[in-house]
Every structure is written in structure tokens, then in C-alpha cells.
Amino acid sequence: MRTQLIKATGLAWLALVLACGAALAQSEDLTAEEIVEKADYVSYYQGKDGRAQVKMTITGPQGDQRNREFTILRKDLEEDSQQRITDQRFYVFFHRPADVRKMVFMVWKHTAADESDDRWLYLPAMDLVKRIAPGDKRTSFVGSNFFYEDVSGRNMNLDQHELVQTSDTYYVIKSTPKNPDQVEFSSYKTWIHRDTFLPVQTVYWDTNRDKYREYKVLEVDTIQGYTTVTESRMKNLRDGSQTVIHYEDVTYDVGVPKDIFSERYLRQPPTQYLR
């Protein structure tokens, strides 16, 4: 059953939205790291793989709008001795508009804190495969308010996590980068729903300790038993620009083959998985 978007101030609106989500086991004795690990799983690791059709609306400071449409494919790879995913792949293929059509963004995500994720961008107009440097992961993703790192998720091991508040509905986690010279933020807080462990809001503070960026979940579904974000927003609190992402036709356990996530398929997209 699809949940209805509730319009209200503050975070209370999500209590009812998430009430129908599949609950994960929880304990009053969870550490901040354990809470973040569960939230990371719900956000990026449910099912062995996944596919979604995505519509993105970018609204500029003056109200001008641009749209993007693309397909995201995701696959989890090897598990370690404790049955944890040790690697992950993402493939993003752009359908519209014409200036980004057939462009591909690919990520090889690694869980080790000392190993940077690998990212590539294929530009069809130039038939060019561009490697995205680790230092560019916190720059705009195709002109939106989302960053490259937001697409596949930030490695939780890059930050120190502290449980700063607990209510009947949310855990509030403050995260501080271990290497502050490598990022543009000084810290961020995440509101994580206690029943589903879904992160429903994240607020970022810059190096001047000012709020400058906010992520918020707008709509949630339960799909194949998994609590799934179907609409979210990233907002620039400095200039008022924002990007809304709407996920359609979300499917888990599709059977996406591993070899799709290679340089060969940047130029030859796997069309049977992109429809």
C-alpha cells in the first residue's frame, strides 16, 4: 500500500507516513554506529540488487526549472565472514533531456574506510569516459543539489557518529568527518526513524557552523516488503534552490548481472535492464 504524503511542519508528519513500513529489530542499547549501520542498510542495501526509474526536477534560486529522467541499477557484491556486503555497484543511465541522453554515471562503492569509491562518467557527445576524482565526489550531480556522493551514499566509516537525541519516533545522530579537510561540511545531523531505521532528514552545517544544506524524505512506500523512499528533496539553504527526486517502478532482486558495471557497458548500455 502506498503511503500518502502528509504536509505539515517539522518532522512529526513522517510518524504516520512510516507507520506502515516494515519494522527492523531494535534495542534500547544500540550504539550510534549500530544505528547508522542499520540506516545505511535500509537506504542502500535492501535486496540483492535493485532498479528504479527516476524523475528529477531542479529548481533554481529564481524559480526556473530543469528536468532529468534516468534509470538507476544497483547490485550488491561479495559478503565477508560476517555476512556483510563488502562492495556495491551503481549504474545510472540518462534518458532525457537531449543534452544528457545516453550519458552514464557508474560507481564502484567500497566499504573500507581507507579505500575511495571509484566513479566514472561517460559523455556520449565526445565518446569520452571521464574518471571522477575522489575530491570531486562532493560536487553537483548533473547540475542538481545532490552531490555525486549522495547517489550511492557516503561511507559511514568516514565519520564519527554520536547519538545526541532520542524520542519515541526518532534517533538523532550527529556525524563529524574524520578528515575535515576533505569535505565542505563541519558536521551533519540525521533523523532516523526508530521502527524502520529509515533516515528521514539530514541537515548539514558548513565550516562556519551555519546550516546550508537539507535533505528530506517526502514520500515512502513498502515495496516487496522493503521500506522504500519514493520521493525526496535536497535543498540549498543559502540560495533556496532545490532538487526533488521521484522514484517510479522500483524493483528489488531483478537479477542484474555483475558485468554490466564495467567500462564496456558505458558505451553499450544494457537496454533490457533500462526499460
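Our subject is the structure listed above.
Residues numbered from 1 in each chain as written. Predicted model: local features only at pLDDT ≥ 70, side-chain atom pairs only at ≥ 80, totals over all residues. Heavy atoms only, no water.

Colleague: Sorry if this is basic, but what is going on with the overall build of the protein chain here?
Modeller: Along the backbone of the protein chain there are four helices and 13 strands. Here the analysis covers contacts within the protein chain between residues at least 6 apart in sequence; of these, 50% occur between residues at least 24 apart. Accessible surface for the protein chain amounts to roughly 13600 Å². Of this, 46% is attributable to carbon and sulfur atoms. (Helix = DSSP H or I, 4+ residues; strand = E, 2+ residues; numbered from the N terminus. Contact = heavy atoms within 4.5 Å. Areas by Shrake-Rupley, 256 points an atom, 1.4 Å probe, with all protein chains shown as cover.)

Colleague: Got a minute to help me understand the packing of aromatic side chains in this structure?
Modeller: The geometry of two aromatic rings is summed up by the distance between their centres and the angle between their planes. Counted under the stated rule, the structure contains 15 aromatic pairs. An aromatic cluster is built from Phe70, Phe94, Phe105, Phe141 and Tyr148, whose rings are joined through pairwise contacts. The cationic tip of Lys38 hangs over the ring face of Phe197; the distance from NZ or CZ to the ring centre is 5.4 Å. Between the NZ or CZ atom of Arg213 and the centre of the ring of Phe147, over which it lies, the distance is 3.7 Å. (Phe/Tyr/Trp six-rings, centres within 6.5 Å; stacked < 30°, edge-to-face > 60°. Lys NZ or Arg CZ within 6 Å of the ring centre and 35° of its normal.)

Colleague: Looking at this structure, I do not really get the pairing of strand E12 (residues 226-236). What am I missing?
Modeller: Along a regular strand, successive side chains alternate from one face of the sheet to the other. Most of E12 is tucked away, with eight of its 11 residues classed as buried. Here strand E11 (residues 211-223) pairs with E12 via 10 bridges, running antiparallel. Within the sheet, the bridge partner assigned to Thr222 lies in E12 and is Thr227. Where E12 meets strand E13 (residues 242-252), five bridges bridge the pair, whose relative direction is antiparallel. Its bridge partner lying in E13, Met234 is registered against Thr243. Taking the residues between adjacent antiparallel strands as the criterion, E12 and E13 are bridged by five residues, where Gly240 takes a positive phi near 85°. (Buried < 20%, exposed > 50% of the residue type's maximum accessible area, 1.4 Å probe, protein only. Pairing = 2+ DSSP bridges.)

Colleague: Even after reading the chapter, I still don't get the side chain of Arg51, so can you show me in this structure?
Modeller: One can find Arg51 in strand E1 (residues 49-59). Of the side chains with opposite charge, Asp249 lies nearest to the buried Arg51, which makes no salt bridge, at 7.9 Å. The residues contacting Arg51, other than those within four sequence positions of it, are Thr71, Ile72, Leu73, Asp249, Val250, Thr251, Val254, Gln272 and Tyr273. (Lys, Arg positive; Asp, Glu negative; His and termini not counted. Salt bridge = Lys/Arg side-chain N within 4 Å of Asp/Glu carboxyl O.)

Colleague: Hey, could you run me through the pattern of salt bridges in this one?
Modeller: Two side chains that carry opposite charge are able to pair once their charged atoms sit near each other. Taken as a whole and assessed by the stated rule, the structure comprises 16 salt bridges. A salt bridge links Asp87 to Arg89; the shortest N-O distance between them is 3.1 Å. In this pair, the class of Asp87 matches that of Arg89, namely buried. One network of salt bridges, in which partners are shared, links Lys137, Arg138, Glu149, Arg154, Asp159 and Glu184.

Colleague: Help me understand unusual backbone geometry in this model?
Modeller: Residues apart from glycine generally show negative phi values, whereas peptide bonds are mostly found in trans. Following Arg96, the chain continues to Pro97 via a peptide bond in cis, the omega torsion being 0°. On the secondary structure map, Pro97 appears in the loop between strand E3 (87-96) and strand E4 (104-110). For Phe197, which is not glycine, the phi torsion reads 60° and is therefore positive. Classification of Phe197 by relative accessible area gives buried; the value is 0%. One non-glycine residue, Gln224, lies in the positive phi region at around 55°.

Colleague: Any chance you could explain helix H2 (residues 32-44) here in plain terms?
Modeller: For an α-helix, 3.6 residues make a turn, and residues three or four places apart therefore share a direction. Compared with an ideal rise of 1.5 Å per residue, which puts 13 residues at 18 Å, H2 spans 18 Å between its outermost C-alpha atoms and is within 8% of the ideal. The complete set of buried residues in H2 reads Ala32, Ile35, Val36, Ala39, Asp40 and Val42. Along the axis of H2, the buried positions cluster into a sector of 165°, meaning they face one direction only. (Expected span 1.5 Å × (residues − 1). Arc of directions from axis to C-beta.)

Colleague: Would you explain the side chain of Asp87 in this entry?
Modeller: Examined against the element boundaries, Asp87 turns out to sit in strand E3. A polar contact of 3.1 Å, which involves the side chain of Asp87, links it to the side chain of Arg89. (Polar contact = N/O pair within 3.5 Å; in protein donor to acceptor, adjacent residues only side chain to side chain.)

Colleague: Can you help me understand the environment of Arg233 in this one?
Modeller: Position of Arg233 relative to the elements: it lies in strand E12. Given a relative accessible area of 18%, Arg233 falls into the buried group. Ignoring sequence-local partners within four residues, the contact set of Arg233 consists of Phe146, Glu214, Tyr215, Lys216, Leu218, Gln242, Thr243 and Val244.

Colleague: Is there a simple way to think about the nonpolar core in this case?
Modeller: The tendency in soluble globular proteins is for nonpolar side chains to be buried as a group. Counting residues in hydrophobic clusters, the biggest one holds 48 residues, and the most contacted among them are Phe70, Val92, Phe94, Phe105 and Phe141. When residues in this core are grouped by element, the largest group, five residues, is from H2. Not counting the four nearest positions on each side in its chain, Phe105 is found in contact with Phe90, Tyr91, Val92, Arg119, Trp120, Leu121, Ile132, Phe141, Tyr148 and Val151. Counting 14 residues, the second-largest nonpolar core is a separate cluster that includes Phe93, Val256, Leu266 and Leu274. (Core = buried A, V, L, I, M, F, W, Y, C linked by side-chain atoms within 4.5 Å.)

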